[in-house]
Amino acid sequence: MHEVLTPELWAVFNATTQWTAPFTTILNPDLSILKRLPTPDEHDAALWNGADRGPGHANVDRATLRQILLAGLEDVVEFEKRLDRYESRGSQVVVHFADGTTAGGDVLVGADGIRSAVRAQRAPECETVDAGLGAIYGRLPIAKGRDLLPPEALDDIFTIAWDERKVFLQLGSVLFPTPPDRAGRMLASGLQIQRRDDYIVLIVGGRHERFPLDRETMSRWLANGCNAPLQTCWRTGPRVRSRSCGRAIRRPSSLSTCTPASPACWSLRPE
Ligand SMILES: Cc1cc2nc3c(=O)[nH]c(=O)nc-3n(C[C@H](O)[C@H](O)[C@H](O)COP(=O)(O)OP(=O)(O)OC[C@H]3O[C@@H](n4cnc5c(N)ncnc54)[C@H](O)[C@@H]3O)c2cc1C
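Predicted model only: the values in this text are computed from it and were never measured. (Residues numbered from 1 in each chain as written. Predicted model: local features only at pLDDT ≥ 70, side-chain atom pairs only at ≥ 80, totals over all residues.)

**Structural notes on the overall build of the protein**
A count of helices and strands for the protein gives 9 helices and 12 strands. In the protein, buried positions account for 22% of the 271 residues. Contacts in the protein between residues far apart in sequence, at least 24 positions, make up 63% of those at least 6 positions apart. (Helix = DSSP H or I, 4+ residues; strand = E, 2+ residues; numbered from the N terminus. Buried ≥ 20, exposed ≤ 12 C-beta atoms within 10 Å, placed from the backbone. Contact = placed C-beta atoms within 7 Å.)

Right, here's the structure in full:
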């Protein structure tokens, strides 16, 4: 990150990143601490060389990170282009978009998600399959998080709990040392970054049979104003009756995965 960002943008990244304590915390179903596991990472020192703080894990807000990465590239990055296919031409790769246009380059990075069109062409044997899990993704305002959770859940890399149904709760804090809008203004010549408040990401999920995301269940959630009440949601799963303590939940998702690719698919030779 240090190497790909300008010094100004690196300063914004540093100022908006939560450098967490090197632990993963496991909670009991009542949200008390069961275990706090040290989670040092041998790659941290190399990865975060140049950061304000010593080695550690970086929790970042995805939208802020995107705005930092995009800064100065506005006239280079194009949106609303759907890749249909690519072809290798000598040492070049040419991509064909759905709108009939093409673009060429040295390398194609297929970061186009779980239903990747690039992967479908490069490794057609890999199938996208249901992972057997459903999840609901939400955010807790930080004040609610402080009320409900042990302080470690706000400091550590990641916090997880599960109950007797194996329905899981995952929590990750995003605490901005400097609010992103202020960091952009102060450190990167007035770069405009959207204002965001500290929050805790929460994901509640489980196997389909224990955590069904059917239409009726979801209608009930939505009728309750999209509030994802952490404790109720966690303890009763989709049978929830709303007690407001969360922010809008994101669309519930059925999680997918991909069957492994053959080693040949990772070779660097052109097709
Ligand atoms: C609920 C949930 C929570 C998660 N939380 C975390 C977390 O806290 N930390 C973490 O590190 N990871 C997290 N992950 C995992 C992380 O989101 C994914 O690993 C990551 O987003 C994958 O990145 P990607 O670029 O491969 O695909 P994506 O993020 O899915 O992005 C793919 C992009 O490609 C575009 N696209 C698709 N098809 C085409 C096409 N044909 N042409 C052009 N563009 C196309 C899509 O519109 C999209 O913008 C989470 C995942 C889930 C589901």
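Now that the structure has been shown, we can carry on.
**Thoughts on the environment of Y86**
With respect to the element layout, Y86 can be found in strand β5 (residues 83–89). As for Y86 and L108, which are separated by 22 residues in sequence, their C-alpha atoms are 8.7 Å apart. Excluding anything up to four places from it in sequence, Y86 contacts V93, V94, V95, H96, L108, V118 and Q121.

**Concerning the pairing of strand β10 (residues 168–174)**
Each regular strand displays side chains that alternate between the two surfaces of the sheet. Looking at chain direction, strand β9 (residues 156–162) and β10 are connected through 4 bridges and run antiparallel. Counted as the bridge partner of W162 is F168 from β10. The loop that links β9 with its antiparallel partner β10 comprises 5 residues; one of these, K166, has a positive phi angle of about 65 degrees. Of the pairings in the sheet, the one linking β10 to strand β11 (residues 199–207) comprises 7 bridges and is antiparallel in character. Looking across to β11, one finds that G172 is bridged to V201. (Pairing = 2+ DSSP bridges.)

**Some remarks on the site of the ligand**
By nearness alone, every residue bordering the ligand is listed as R82, L83, A111, D112, G113, A117, A135, Y137, G172 and I203. Tallied by class, the residues present in the shell around the ligand amount to 6 nonpolar, 2 polar and 2 charged. (Near = placed C-beta within 6 Å. Nonpolar A, V, L, I, M, F, W, Y, C, P; charged D, E, K, R; others polar.)

**Regarding the confidence of the model for the protein**
Here the protein shows a mean pLDDT of 82. Residues at 70 or above account for 81%. Contacts for the low-pLDDT stretch residues 225–232, under 50 throughout, to residues beyond four places or in other chains number 27 contacts. (pLDDT = per-residue confidence, 0-100.)

**A look at the sheet that holds β10**
Taken in spatial order, the 7 strands line up as β3-β2-β9-β10-β11-β8-β12 in an open sheet, and their pairing is mixed. For this open sheet the edge positions go to β3 (33–38) and β12 (253–258), each flanked by a neighbour on one side alone. Averaged over neighbouring strand pairs, the angle between their axes works out to 25 degrees when direction is ignored. Relative to β3, strand β2 (residues 21–27) runs antiparallel, the two being bridged by 5 bridges. (Axes fitted to C-alpha atoms, helices over the stretch in contact; angles between N-to-C directions.)

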